[in-house]
Each structure stands twice: as C-alpha cells, then as structure tokens.
Amino acid sequence: MWIYEKKLQYPVRVGKCDVRMAKLLLEQYGGADGELAAALRYLNQRYTIPDKVIGLLNDIGTEEFAHLEMIATMIYKLTKDASPEQMKEAGLGDYYVSHDHALFYQNAAGVPFTASYIQAKGDPIADLYEDIAAEEKARATYQWLIDMTDDVDLQDGLKFLREREIIHSLRFREAVEIVKEDRETKKVF
C-alpha cells in the first residue's frame, strides 16, 4: 500500500538545543489536535466514507504520519544534547525520569495520548467537518509554535507543516461538497 522513502517529507533543521520548545512541540506529537490523532482519525474514518473520497482520507492520513515523523525529529534534535538539569528547567523533569530522551506520546502539559482524541461518527458529512476542524486547530497551533521560537530553521519546518494543514482543510472542504452532491443525486440523507 505504501512506498516509504527513507527521508523526511521536508528537511528538519534546528539552530540550537531548546528543551522549552521541544516541550511545546509535544502538543503536535501526542496532543488532541496533533499529528498522531489526525493520522489515526482519517485512516479510521475511511471505512465509512463514500468511495469517491476514500483515497483522500488515505492520502492525508498517511501524510499525517510523515508530519509526525517531522515533529519527532524536531523534538529529538532540540533535546538530544540536553542535560538532565536543562530538562528539569524546561519543565520536563518528570518526563526525563520516565523516558530519558526517548519520545513519548503526550501533549505539552504532560497528558498521555488517548484514543478519545479520535472522532468517528460514521456520517460522512459530520466526519468531514470534524476533519476540517482538526486541520484548522492544527494550523492555529503551528502558528502559535512559530510565534514561540526565534529559531529560523525550526520556523521553516513549522511553516511547511502549517501550510500543509491549510491544504488538507481545503481538500476536506472539497470532499464535503462531493458528498453533498452525491447525497442530492441519490436522495440519501
């Protein structure tokens, strides 16, 4: 089903060790509006979506895993040379004790990832509007992350991710129109 190229979708560069920023990026790693939740949501919803848009959910869901890989790389690069003291100062002392420098699915506040972040109603219109909302929340979060760092290299990767969220939102909006048109043609409500 997939062909995996052993490279990131977009280059990830960071200018310096910044554990505080790594903590904030955990929001997009294991948070409710993050990349893991999006990927799982879309790949799950594709089973109850009309045939005309299954491919869209598959494509975007798969791309979200590529974004997850980028976020993981950012976090790793921002923390790989951090001392235990730096981890503690950035509010990641508990994280360090539990995981050292390993990545763990949690949000920036330390709340572990949960399947309750993933929505699936079984109604294509409801699910697609949920997906649009998810993409818009991710876009907003990326903007706020960009605002929180002065590292232009890191900002570059975050801007790429923000722009992809905009594209995904637009594609889901197009899918809503396809499903609505299909419903009107078949008189299915």
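Residues numbered from 1 in each chain as written. Predicted model: local features only at pLDDT ≥ 70, side-chain atom pairs only at ≥ 80, totals over all residues. Heavy atoms only, no water.

Formally: UniProt positions are given in the numbering used here, feature names are shortened, and annotations may be inferred rather than shown by experiment.
The name given to the protein chain in an unreviewed UniProt entry is Spore coat protein JC, and the organism recorded there is Paenibacillus turicensis. Of the comments in the UniProt record for the protein chain, the one headed Sequence similarities (unreviewed entry) reads "Belongs to the manganese catalase family."

## Details of the packing of helix H3 (residues 51–79) against helix H7 (residues 152–186)
The axes of two packed helices give the description: the angle between them and the distance between them. The following threshold applies: Helix axes are fitted only over the stretch in contact, all axes being lines through C-alpha atoms; the angle between N-to-C directions runs from 0 to 180 degrees. The helix count covers DSSP runs of H or I at least four residues long, the strand count covers runs of E at least two residues long, and both are numbered beginning at the N terminus. Throughout this description, any angle smaller than 35 degrees is read as roughly parallel, any larger than 145 degrees as roughly antiparallel, any in the 65 to 115 degree range as roughly perpendicular, and the remainder as oblique. The sense of a crossing depends on the near helix, which, turned anticlockwise from the far helix by less than a right angle, makes the crossing left-handed and, turned clockwise, makes it right-handed. Polar here means any residue other than Ala, Val, Leu, Ile, Met, Phe, Trp, Tyr, Cys and Pro, which are nonpolar, and Asp, Glu, Lys and Arg, which are charged; Gly is therefore polar.
The N-to-C vectors of H3 and H7 enclose an angle of 165°; their axes lie 11 Å apart at closest approach. Considering their axes alone, H3 and H7 lie roughly antiparallel with respect to each other. Relative to H7, H3 is oriented so that their crossing is left-handed. Partitioned by chemical class, the residues of the contact of H3 with H7 number 16 nonpolar, three polar and seven charged.

## Here we look at the nonpolar core
Generally speaking, soluble globular proteins have nonpolar side chains that are buried together. Selection criterion: Put simply, buried Ala, Val, Leu, Ile, Met, Phe, Trp, Tyr and Cys residues joined by side-chain atoms within 4.5 Å make one nonpolar core. When accessible area is computed with a 1.4 Å probe and restricted to protein chains, residues below 20% of their type maximum are described as buried, those above 50% as exposed, and intermediate ones as partly exposed. The contact rule is simple, with two residues in contact once any of their heavy atoms fall within 4.5 Å.
The biggest cluster of nonpolar side chains holds 27 residues, and the ones touching the most others in it are Leu-25, Ile-71, Met-74 and Leu-158. At the level of elements, helix H1 (19–30), H3, helix H6 (124–147) and H7 are the ones that each hand at least two residues to this core. Examining the composition of this core, we find that seven residues originate from one element, H3, more than from any other. Aside from chain neighbours lying at most four places away, what touches Leu-158 is Met-21, Leu-25, Met-74, Tyr-142, Leu-145, Ile-146 and Thr-149. Among the nonpolar cores identified, the runner-up in size contains 15 residues, and Tyr-42, Ile-49, Phe-172 and Val-176 belong to it.

## Considerations on the pattern of salt bridges
Selection rule: The salt bridge definition used is simple: a Lys or Arg side-chain nitrogen within 4 Å of an Asp or Glu carboxyl oxygen.
For the coordinates displayed, the defined rule picks out 13 salt bridges. The partner of Arg-164 in a salt bridge is Glu-63, with the nearest N and O atoms 2.6 Å apart. Of this pair, Arg-164 sits in helix H7 while Glu-63 sits in helix H3, and the two are 101 residues apart along the sequence. Residue Arg-164 is classed as partly exposed on the basis of its relative accessible area, which comes to 23%. Each of Glu-136, Arg-139 and Arg-173 takes part in one network of salt bridges that share partners.

## Overview of the environment of Asp-59
As for its placement among the helices and strands, Asp-59 is situated in helix H3. The exposure class assigned to Asp-59 is exposed, which follows from its relative accessible area of 52%. For the pair Asp-59 and Leu-43, spaced 16 residues apart in sequence, the C-alpha to C-alpha distance is 8.8 Å.

## Notes on the packing of aromatic side chains
Here is the rule we go by: Whether two aromatic rings pair depends on their centres lying within 6.5 Å, for rings of Phe, Tyr and Trp, where Trp uses its six-membered ring; planes under 30 degrees apart make the pair stacked, over 60 edge-to-face, and the rest tilted.
In this structure the tally under the stated criterion is four aromatic pairs. On the basis of an interplanar angle of 10° and a centroid distance of 4.4 Å, the ring pair of Tyr-10 and Phe-160 is categorised as stacked. Here Phe-160 lies in helix H7 and Tyr-10 lies in the segment before H1, a separation of 150 residues in the sequence. Accessibility expressed as a relative area gives 23% for Tyr-10, which makes it partly exposed.

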